[in-house]
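# Structural overview for review
Each chain is listed here by its residues.
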Amino acid sequence: MQNASKASLGEMQRLLDIMTQLRDPQSGCPWDVKQTMESLTRYTIEEAYEVADAIAVGDMHDIKDELGDLLFQVVFYAQIASESKEFSFDDVAQSISDKLVRRHPHVFGARPDDEVKSDELSVTNKERTPLSDSALNAQWDAIKAQEKQLKKQRLKQDEAIETSILDSVPKGMPALMYAQKLQKACAKVGFDWPDAAPVIDKVREEVEEIQQELDTKQRLLCENSADQNSSSNSVRDNQQAIEEEIGDALFAMVNLARHCKVDADTALRNASNKFANRFKGVERLAAKQGEKLDALTLDEMEALWQQVKQSSHAK
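The rules we used
Residues numbered from 1 in each chain as written. Predicted model: local features only at pLDDT ≥ 70, side-chain atom pairs only at ≥ 80, totals over all residues. Heavy atoms only, no water. Helix = DSSP H or I, 4+ residues; strand = E, 2+ residues; numbered from the N terminus. Expected span 1.5 Å × (residues − 1). Buried < 20%, exposed > 50% of the residue type's maximum accessible area, 1.4 Å probe, protein only. Contact = heavy atoms within 4.5 Å. Salt bridge = Lys/Arg side-chain N within 4 Å of Asp/Glu carboxyl O. Core = buried A, V, L, I, M, F, W, Y, C linked by side-chain atoms within 4.5 Å. Phe/Tyr/Trp six-rings, centres within 6.5 Å; stacked < 30°, edge-to-face > 60°. Polar contact = N/O pair within 3.5 Å; in protein donor to acceptor, adjacent residues only side chain to side chain. Patch = residues over 30% accessible without salt bridge, like charges linked within 9 Å, V, L, I, M, F, W, Y side chains within 5 Å. Areas by Shrake-Rupley, 256 points an atom, 1.4 Å probe, with all protein chains shown as cover. Axes fitted to C-alpha atoms, helices over the stretch in contact; angles between N-to-C directions. Parallel < 35°, antiparallel > 145°, perpendicular 65-115°, else oblique. Left-handed = near helix turned anticlockwise from the far one by under 90°. Nonpolar A, V, L, I, M, F, W, Y, C, P; charged D, E, K, R; others polar. pLDDT = per-residue confidence, 0-100. Lys, Arg positive; Asp, Glu negative; His and termini not counted. Charge placed at Lys NZ, Arg CZ, Asp CG, Glu CD.

With 12 residues, helix α1 (residues 11–22) should cover 16 Å at 1.5 Å per step; its first-to-last C-alpha distance of 16 Å lies within 8% of that length. Taken together, the buried positions of α1 are Leu 15, Leu 16, Asp 17 and Met 19. Buried residues belonging to α1 abut α4 (60–83) and α5 (89–103).

Quick look at the structure:
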């Protein structure tokens, strides 16, 4: 293998060559050699979140580095697949390039070798006209539906197998994103609230049901303390009910965010960042006063919190 540091090598090819050497059974890195696609998935998710964090901070140097780490994950998967002659990195690049061209006929026009063909979607450079957002969404959905049908044919699935509009929503998504995707899919066939007002009512209803379960838990704990022979199964069942009701409330809140045209994950991330920044402010104020947080009462920490909050509002 040529020296990967040679300037004549393109940087992408250099990365591919480095990956090959890392996976070499004789001279590679033992950790890299033993990895599988399954073992890598958690690292891929971590790297994606680190990209998001770098973007939120706005440090372009960190963004560049984190994007490189994420790219390395793609190269890693492709290398593992190429070793079993399933597909290569070039196949991955070709697949996404073909998909982008196929899904953007309004930009690239129709090609005779496109996998997905539709008279309604085919345009030429001369015929190309700007599409409205609704037309773009309709076009996108139509193309994805065609792709799904082709995938079904490729896998030779039995026509009798039950299918759902929700089958295309990956269950491994982060919970907020998964809920949002499910709701969007159902909304496309009309299973949705007409506006935000009934969703707010639903949120209130779910919060009230949480309160009911908490009240039940308190009653059960009192009963159990009074009767030492009482089983704790009822308390465990109630705890599961509390979890279920909180899940329903979170799902309703995601629905409310969607109706308000707010991305639930972004909103929660921003709120979390705001909380973290304010808490760090509390830590700074406590240190300035020569105090340790764990030595302060809750009321004292709350007073510091209010100072930080007022200071942030004044900016």
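Here the narrative resumes.
Another point: the pattern of salt bridges. Taken as a whole, this structure holds 9 salt bridges when the rule is applied. Arg 23 is the partner of Glu 83 in a salt bridge, and the nearest nitrogen-oxygen pair spans 2.6 Å. A residue pair is termed long-range when its members are at least 10 positions apart, and Glu 83 in helix α4 and Arg 23 in the loop between α1 and α2 (30–34) qualify at 60 residues. Note on Arg 23: relative accessible area 9%, which makes it buried. Within the structure, one salt-bridge network assembled from shared partners comprises Lys 202, Glu 205 and Glu 206.

On to the nonpolar core, then. Among soluble globular proteins, nonpolar side chains are generally buried collectively. Grouped together as the largest cluster of nonpolar side chains are 10 residues: Leu 15, Leu 16, Met 19, Leu 40, Val 75, Phe 76, Tyr 77, Ala 78, Ile 80 and Phe 89. A total of 5 residues in this core trace back to one element, the largest contributor, which is α4. Once you skip the residues sitting within four places of it in the chain, Met 19 turns out to touch Phe 72, Val 75, Phe 76 and Gln 79. If you look at the next biggest cluster of nonpolar residues, it comprises 7 residues, including Ala 286, Leu 293, Trp 305 and Val 308.

Let's shift gears to the packing of aromatic side chains. Aromatic ring pairs are reported here in terms of the distance separating the ring centres and the angle at which the planes meet. Within this structure, the stated rule accounts for 4 aromatic pairs. An aromatic cluster is defined as three or more aromatic residues linked by ring pairs; in this entry it consists of Phe 275, Phe 279 and Trp 305.

Once that is clear, we can look at the side chain of Arg 23. Polar contacts involving the side chain of Arg 23 include one to the side chain of Glu 83, which spans 2.6 Å. Not counting the four nearest positions on each side in its chain, Arg 23 is found in contact with Asp 32, Val 33, Lys 34, Gln 35, Phe 76, Gln 79, Ile 80 and Glu 83.

Relative to the assigned elements, Ser 234 resides in helix α10 (residues 233–259). Given a relative accessible area of 30%, Ser 234 falls into the partly exposed group. Expressed as a C-alpha distance, the spacing of Ser 234 and Thr 216, which sit 18 residues apart in the sequence, is 10.0 Å.

The grouping of Met 12, Leu 71 and Val 74 at the surface amounts to a nonpolar patch, some 200 Å² of accessible area in total. With a relative accessible area of 33%, Leu 71 lands in the partly exposed category.

End to end, helix α8 (residues 175–187) covers 18 Å across 13 residues, agreeing with the expected 18 Å (1.5 Å per residue, within 8%). All buried positions along α8 are accounted for by Ala 179, Gln 180, Leu 182, Gln 183, Ala 185 and Cys 186. On the buried face of α8, the contacting elements are α10 and α11 (264–288).

Here we take up the packing of α1 against α4. The angle between the axes and the distance between the axes are what describe a pair of packed helices. Orientation of α1 relative to α4, taken along the N-to-C sense of each, is 55°, at an axis distance of 10 Å. Classified by the angle their axes make, α1 and α4 are oblique. For the pair α1 and α4, the crossing hand works out as right-handed. Here Met 12, Leu 15, Leu 16, Met 19, Thr 20 and Leu 22 of α1 come into contact with α4, specifically with Leu 71, Phe 72, Val 75, Phe 76 and Gln 79. When grouped by side-chain class, the residues that make up the contact of α1 with α4 number 9 nonpolar, 2 polar and no charged.

Summarising the element assignment, Asp 62 is placed in helix α4. Taking the C-alpha atoms as reference, Asp 62 lies 8.2 Å from Val 51; in sequence the two are 11 residues apart.

This part is about the confidence of the model for the protein. Mean pLDDT over the protein stands at 85; residues scoring 70 or higher make up 85%. Ranking the helices and strands of the protein by mean pLDDT puts α4 first, with 97, and helix α7 (residues 133–154) last, with 74. Here residues 111–126 is a poorly scored stretch, pLDDT under 50, and it has 26 contacts once near neighbours within four places are set aside; other chains count.

What follows covers a negative patch on the surface. Together, Glu 50, Asp 53, Asp 59, Asp 62, Asp 65 and Asp 69 make up a region of like negative charge exposed at the surface. Of all the elements in the fold, those that place two or more residues in the negative patch are α3 (37–57) and α4. With 3 residues, the top contributor of residues to the negative patch is α4. Within the secondary structure, Asp 65 is located in helix α4. Under the relative-accessibility criterion, Asp 65 is labelled partly exposed at 36%.

The subject of this paragraph is unusual backbone geometry. Despite not being glycine, Lys 85 has its phi angle at roughly 60°, a positive value. Its place among the elements puts Lys 85 in the loop between α4 and α5. On the basis of relative accessibility, which here comes to 76%, the residue Lys 85 falls in the exposed class. The phi dihedral of Lys 261 is positive, around 60°, even though this residue is not glycine. Exposure remark for Lys 261: the relative accessible area of 79% places this residue in the exposed category.

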